[in-house]
Amino acid sequence: MSKEHKMKVGISIGDLNGIGPEIILKTLEDSRMLEFCTPVIFANIKLMSFYKKTANIQCNLQGVDNVDKIIPKKINVINVWKENVNVHFGKEEKEAGSYALKSFQAAVSALKEGKIDVLVTAPINKSNIQSDSFTFPGHTDYLDQELKGDALMLMISDTLRVGLLTDHVAVKDVPSKITRELIERKINTIHKTLIQDFGIEKPKIAVLGINPHNGDNGVIGNEDDTILRPTLDNLRNNGKVIFGPYAADSFFGSGNYKNFDVIIASYHDQGLIPFKTLAFGSGVNFTAGLDQVRTSPDHGTAYDIAGKNKANHDSFRAALFNAISIYKARKEYQKISENPLVLKRRQPFVKK
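A word on the packing of helix α1 (residues 20-28) against helix α10 (residues 314-338)
For the pair α1 and α10, the least separation of the axes is 9 Å and the interaxial angle reads 65 degrees. Along this stretch, α1 crosses α10, giving a crossing that reads as right-handed. Of the residues in α10, those touching α1 at I23, I24, T27 and L28 are F316, R317 and L320. Its residues placed into classes, the contact of α1 with α10 shows 5 nonpolar, 1 polar and 1 charged.

Description of the nonpolar core
I13, I41, M48 and I187 are the most contacted members of the largest nonpolar core, which has 68 residues in total. With 9 residues, α10 is the single largest residue contributor to this core. Leaving out residues up to four positions away in the same chain, I41 has contacts with I11, I13, I24, L28, M48, I75, N76, V77 and I78. In terms of nonpolar packing, the next biggest core, distinct from the first, is built from 24 residues, F42, L101, V108 and F136 among them.

Thoughts on the pairing of strand β7 (residues 161-164)
Side-chain alternation along β7 places R161 and G163 on one buried face and V162 and L164 on a second face that is also buried. In terms of strand pairing, strand β6 (residues 149-156) meets β7 through 3 bridges, oriented antiparallel. In the sheet register, I156 faces β7, and the bridge partner there is R161. In sequence, β6 turns back onto β7 through a hairpin of 4 residues. Taken together, the 3 bridges between β7 and strand β10 (residues 262-265) define a ladder with parallel strand orientation. The residue of β10 that forms the bridge with G163 is I264.

Calculation criteria
- Residues numbered from 1 in each chain as written.
- Predicted model: local features only at pLDDT ≥ 70, side-chain atom pairs only at ≥ 80, totals over all residues.
- Heavy atoms only, no water.
- Axes fitted to C-alpha atoms, helices over the stretch in contact; angles between N-to-C directions.
- Helix = DSSP H or I, 4+ residues; strand = E, 2+ residues; numbered from the N terminus.
- Left-handed = near helix turned anticlockwise from the far one by under 90°.
- Contact = heavy atoms within 4.5 Å.
- Nonpolar A, V, L, I, M, F, W, Y, C, P; charged D, E, K, R; others polar.
- Core = buried A, V, L, I, M, F, W, Y, C linked by side-chain atoms within 4.5 Å.
- Buried < 20%, exposed > 50% of the residue type's maximum accessible area, 1.4 Å probe, protein only.
- Pairing = 2+ DSSP bridges.

Rendered as structure tokens:
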């Protein structure tokens, strides 16, 4: 990428009454950010100026009417709407959710059209964002519909990566969702992601069991023996370096996770509780498997501290840098794939 062209990082503001706008502006307050990218916030200039004043954040915002008028080396705010919007910090309101959706959908549209290079999303409230055009349990599922590929939630930090076979699924429905086809599809997605987006030539993958103690030979459940183990054996026979299934209860406490490039959990809390215990505040949610790059911080709307200028923006900043790094790594991988003689690759932001 030439020095003249700075990556255009699209940003959706999340729930208006949460901490999303605050962590966005705190991240962009550091003027050095403009050396890495051109930020493009999908919202409204008056609204973002209000957040800036509320949190006493010193940065210059440039209001523009549409994505075709993005100004390089400026913090651009696309005026997705023109009307004034009332902000009630800490309140779960349908209106706040509707504007979060307008911001997100406008950003996704720009991403699909190539007007921005990557997308970083601030936290939404999964309840108040629901509408006739958004009936999804989160960003990931909507992106899976709108973009090409097979979306998979991959949590990443400097020292840990955790992927999920199922994400926003009720615990009672998890066993019925985990099929051989699903396991193969998700592991193939993660395997490709580690190679093209993180520069790991021969990924080492650990898989956690579905039931406690991997079912204890059928005493607690038979899904590990009848579905998970045979599928992993098949994947190993096809050349992938896969270990497990491991009993989830002792896997992270023992430090075994340090021996692998990624850990695949069967369901949301099995993977995200240990991830957020070990990496909360610095972790990033990356939607792997799609033809576009999207990242997000590892936390929610934090209504309890919204509007109090107490929000930590480390995770959002990491999400922004990771989006840039993954995008560049993927472009390099594509060049290498086209020309196998090119061997040298830049390492991504996330460490092994």
